[in-house]
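Reading the structure
As a plain string of letters, each chain reads:
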Amino acid sequence: MNRAKPRFWRLCRIYFRRFRIAVWLLVLLLLGCLLYVNQVGLPGFIKRPVLARLRERGLDLQFSRLRLRWYDGIVAENVRFGQADEPLSPRLTLAEVRVPLNFRALTRLQLRVDALVLRQGRLVWPLDETNQAPRELTVDHIQTDLRFLPNDQWALDNFHAVFAGADIHLSGIVTNASRVRDWK
């Protein structure tokens with residue numbers, strides 16, 4: 001009986017060490033994955049649902065990189081809205097669009113897009129006048145928070161921009177918001 005007791009404790013120590021090493025390897029793997037999605041970007045199987053949720057809300061965007069920042073949520077860089085194939089359509093470009101994460105929905109393994117935070121934007125609207133040189137209206141330094149509300153409405157909060165040297169500040173609600181992409 002005396003020999004069985006030390007053998008039992010020795011096996012317990014061995015299994016505890018293996019368990020501890022496995023936990024540390026899991027933590028290291030998790031940190032490596034978080035660093036990867038922050039520096040390199042999100043993989044395609046995560047990008048597709050995010051873009052699908054935005055299209056459901058009436059937004060179609062192109063971007064250079066989509067990555068995860070633990071304090072900002074999902075961040076799209078060098079974002080472009082608008083139709084590139086039409087020369088006279090307005091073009092909105094942004095340095096950054098943040099999609100804050102809805103942690104309550106993530107606990108149920110659902111991805112919900114409730115808002116966007118738009119930063120460092122520029123809107124260029126070409127004007128086509130007959131017998132005149134082409135001109136453009138330009139709105140710079142666009143910063144705003146966009147919340148998606150029920151019944152196809154968007155709430156524009158804290159909109160700030162500069163147009164022709166004038167600072168513009170506004171807030172408002174856009175109804176029938178998903179029709180924005182069909183504007184001519």
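Our structure is the block above this text.
**What to know about the environment of Leu101**
Inspection of the secondary structure assignment puts Leu101 in the loop between strand E4 (91-99) and helix H3 (103-107). When its relative accessible area of 26% is taken as the criterion, Leu101 is described as partly exposed. Between the C-alpha atom of Leu101 and that of Val113, which follows or precedes it by twelve residues, the distance is 7.4 Å. Residues within four places of Leu101 in sequence aside, it is in contact with Leu68, Gly73, Ile74 and Leu106.

**Structural notes on the pattern of salt bridges**
Counted by the stated rule, this structure contains ten salt bridges. Note that Glu96 is salt-bridged to Arg69, the shortest N-O span being 3.0 Å. Of this pair, Glu96 sits in strand E4 while Arg69 sits in strand E2 (residues 65-69); the two residues are 27 residues apart in sequence, bridging distant segments of the chain. What makes Arg69 buried here is its relative accessible area of 10%. Note that Arg147 and Asp157 form a salt bridge whose closest N and O atoms lie 2.6 Å from each other. Linking Arg147 in strand E6 (residues 135-149) with Asp157 in strand E7 (residues 153-163), this pair joins segments that are ten residues apart in sequence. Overall, Arg147 belongs to the partly exposed group, its relative accessible area being 36%.

**Observations concerning the nonpolar core**
Within the largest apolar cluster, 23 residues are counted, with the highest numbers of intra-cluster contacts made by Leu59, Phe81, Val97 and Leu116. Those elements that place two or more of their residues in this core are helix H2 (44-56), strand E3 (73-81), E4, strand E5 (115-127) and E6. Counting residues per element, this core draws most heavily on E3, which supplies four residues. Every residue in contact with Phe81, bar those within four places of it in the chain, is listed here: Leu59, Asp60, Leu61, Arg91, Leu92, Leu94, Val97 and Leu118.

**A closer look at the side chain of Glu96**
Look at Glu96 and you get buried, because its relative accessible area is 14%. One polar contact links Glu96 to Arg98, side chain to side chain, over a distance of 2.8 Å. Among all residues touching Glu96, those that are not within four sequence positions of it are Arg69, Val75, Ala76, Val117, Leu118 and Arg119.

**Points about the packing of aromatic side chains**
For the structure on display, the rule yields two aromatic pairs. Ring centres of Phe8 and Trp9 lie 5.2 Å apart, and the angle between their planes is 70°; on these two criteria the pair is classed as edge-to-face. Considering the side-chain rings of Phe148 and Trp154, the 5.9 Å spacing of their centres and the 75° angle between planes classify their relative orientation as edge-to-face. For the residue pair Phe148 and Trp154, the accessibility class agrees, reading buried in each case.

**As for unusual backbone geometry**
Even without a glycine there, the phi angle at Asn78 is positive, about 50°. Within the element layout of this structure, Asn78 appears in strand E3.

**Some remarks on a nonpolar patch on the surface**
There is a patch of nonpolar side chains on the surface, built from Phe16, Phe19, Val23, Trp24, Val27, Leu30, Leu31 and Leu34 and spanning about 840 Å² of accessible area. Within the secondary structure layout, Val27 lies in helix H1 (residues 4-39).

What counts, and at which threshold
- Residues numbered from 1 in each chain as written.
- Predicted model: local features only at pLDDT ≥ 70, side-chain atom pairs only at ≥ 80, totals over all residues.
- Heavy atoms only, no water.
- Helix = DSSP H or I, 4+ residues; strand = E, 2+ residues; numbered from the N terminus.
- Buried < 20%, exposed > 50% of the residue type's maximum accessible area, 1.4 Å probe, protein only.
- Contact = heavy atoms within 4.5 Å.
- Salt bridge = Lys/Arg side-chain N within 4 Å of Asp/Glu carboxyl O.
- Core = buried A, V, L, I, M, F, W, Y, C linked by side-chain atoms within 4.5 Å.
- Polar contact = N/O pair within 3.5 Å; in protein donor to acceptor, adjacent residues only side chain to side chain.
- Phe/Tyr/Trp six-rings, centres within 6.5 Å; stacked < 30°, edge-to-face > 60°.
- Patch = residues over 30% accessible without salt bridge, like charges linked within 9 Å, V, L, I, M, F, W, Y side chains within 5 Å.
- Areas by Shrake-Rupley, 256 points an atom, 1.4 Å probe, with all protein chains shown as cover.

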